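# Architecture and fold: a report
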Amino acid sequence: MSYAIPAVEPATVGIAGREERFPVRRIYTIGRNYAAHAAETGLGGAGGSKPGVSLKPADSVIPDGASLPFPPGTNRLEPEVEMVAAIGKGGADIPREAALDHVFGYAVGFDMIRRDIMHACIADQHSWDLCKSFDGASPMSDLAPAAEIGHLGNGAVTLTINGVERQRGDLSDLIWPVAEIVARLSALSRLEPGDLIFTGTPKGPGRVERGDRLIGEIEGIGSLTIDIV
């Protein structure tokens, strides 16, 4: 097959302890999936938090240890530390009780958000996708295969900035756990191998600046370090 322009190589993520890599197809992000974070944003709604879904480009992934250039168009860049679930087996209308069979593994991720752009999008009733769609917007650690670590229902989730703790939560606080997320997403659009799901963030995200070092850790999965330049 010939192409009119050079074909783009697929984005990939490392796999802990392996030379092979995990190709990325789509990135889904789940918002307001921790009640305390939804409450602090004021976006939880009168009836309590209801998680939402948005998309990010696959080529926004950058690896552990990378430097992230401060993105254009914003004065308020904020990281949200999240567990990432990687889909290894596709399917549509996946029942919750079978959903974890479709998960290849887990990673630590930062959902990087241009918060001022997000607020402008909300005010104008536009899609949020632009606020989190830029080069380097999805830093990720290597994947820890579920066959080796299992499917975690609890474990501390933390983010430190320059050694000072900014966020702390626990996987047990997820409103929609991974099985529920997979079931719900697959009822809306068929999931395929290579899809990544950022599962939501605890309370406490805040602004970062050039020169800041971000370290995210999830108990039982691993850690992720990024420098803002």
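Check the entry above for the structure.
Below is a short write-up of the structure. Treat the numbers as computed from the prediction; the structure is a model and nothing was measured.

### Observations regarding the overall build of the protein chain
What the protein chain contains, in helices and strands, is four helices and 15 strands. The C-alpha radius of gyration of the protein chain comes to 17 Å, within 12% of the 17 Å expected for a compact globule of 229 residues. In terms of its C-alpha atoms, the protein chain occupies a principal-axis envelope of roughly 45 × 40 × 35 Å. Across the protein chain, contacts joining residues at least 24 apart in sequence account for 75% of those joining residues at least 6 apart. Carbon and sulfur atoms make up 51% of the accessible area of the protein chain, which amounts to about 10700 Å² in all.

### Things to note about unusual backbone geometry
Although it is not a glycine, Asp 93 sits at a positive phi angle of roughly 50 degrees. In this model, Asn 162 sits at a positive phi of 55 degrees, which is unusual for a non-glycine residue. Structurally, the position occupied by Asn 162 is in the loop between β11 (156-161) and β12 (164-170).

### What to know about the side chain of Asn 33
One can find Asn 33 in the loop between β3 (27-31) and α1 (35-41). Here Trp 176 takes part through its backbone nitrogen, which lies 2.7 Å from a polar atom of the side chain of Asn 33. Here the side chain of Asn 33 touches Thr 199 through a polar contact of 2.8 Å, landing on its backbone oxygen. Asn 33 has contacts with Pro 51, Asp 173, Leu 174, Ile 175, Trp 176, Ile 181, Thr 199 and Gly 200, leaving out every residue within four places of it along the chain.

### Concerning the pattern of salt bridges
Enumeration according to the criterion identifies 13 salt bridges in this entry. Across the pair Arg 18 and Glu 20 runs a salt bridge whose closest N-O atoms are separated by 3.0 Å. Residue Arg 18 is classed as partly exposed on the basis of its relative accessible area of 35%. In this structure Glu 20 comes out as partly exposed when scored by relative accessible area, which is 47%. Taking the shortest distance from any N to any O, the salt bridge between Arg 76 and Glu 78 comes out at 2.6 Å. Of the residues examined, Glu 78 reaches a relative accessible area of 4% and is grouped as buried. Taken together, the salt bridges that share partners define one network made up of Arg 76, Glu 78, Glu 80 and Arg 115.

### Notes on the packing of aromatic side chains
A full pass over the atoms with the stated rule returns one aromatic pair. Relative to Phe 104, the ring of Phe 22 has its centre 5.4 Å away and its plane inclined at 35 degrees; by these criteria the two rings are tilted. Taken together, the residues span a long stretch of sequence, with Phe 22 in strand β2 (residues 21-23) and Phe 104 in strand β8 (residues 103-114) at a distance of 82 residues. Looking at Phe 22, the relative accessible area reads 7%, which means it is buried.

Cut-offs used in this document
- Residues numbered from 1 in each chain as written.
- Predicted model: local features only at pLDDT ≥ 70, side-chain atom pairs only at ≥ 80, totals over all residues.
- Heavy atoms only, no water.
- Helix = DSSP H or I, 4+ residues; strand = E, 2+ residues; numbered from the N terminus.
- Rg over C-alpha atoms; globule rule 2.2 N^0.38 Å.
- Contact = heavy atoms within 4.5 Å.
- Areas by Shrake-Rupley, 256 points an atom, 1.4 Å probe, with all protein chains shown as cover.
- Polar contact = N/O pair within 3.5 Å; in protein donor to acceptor, adjacent residues only side chain to side chain.
- Salt bridge = Lys/Arg side-chain N within 4 Å of Asp/Glu carboxyl O.
- Buried < 20%, exposed > 50% of the residue type's maximum accessible area, 1.4 Å probe, protein only.
- Phe/Tyr/Trp six-rings, centres within 6.5 Å; stacked < 30°, edge-to-face > 60°.

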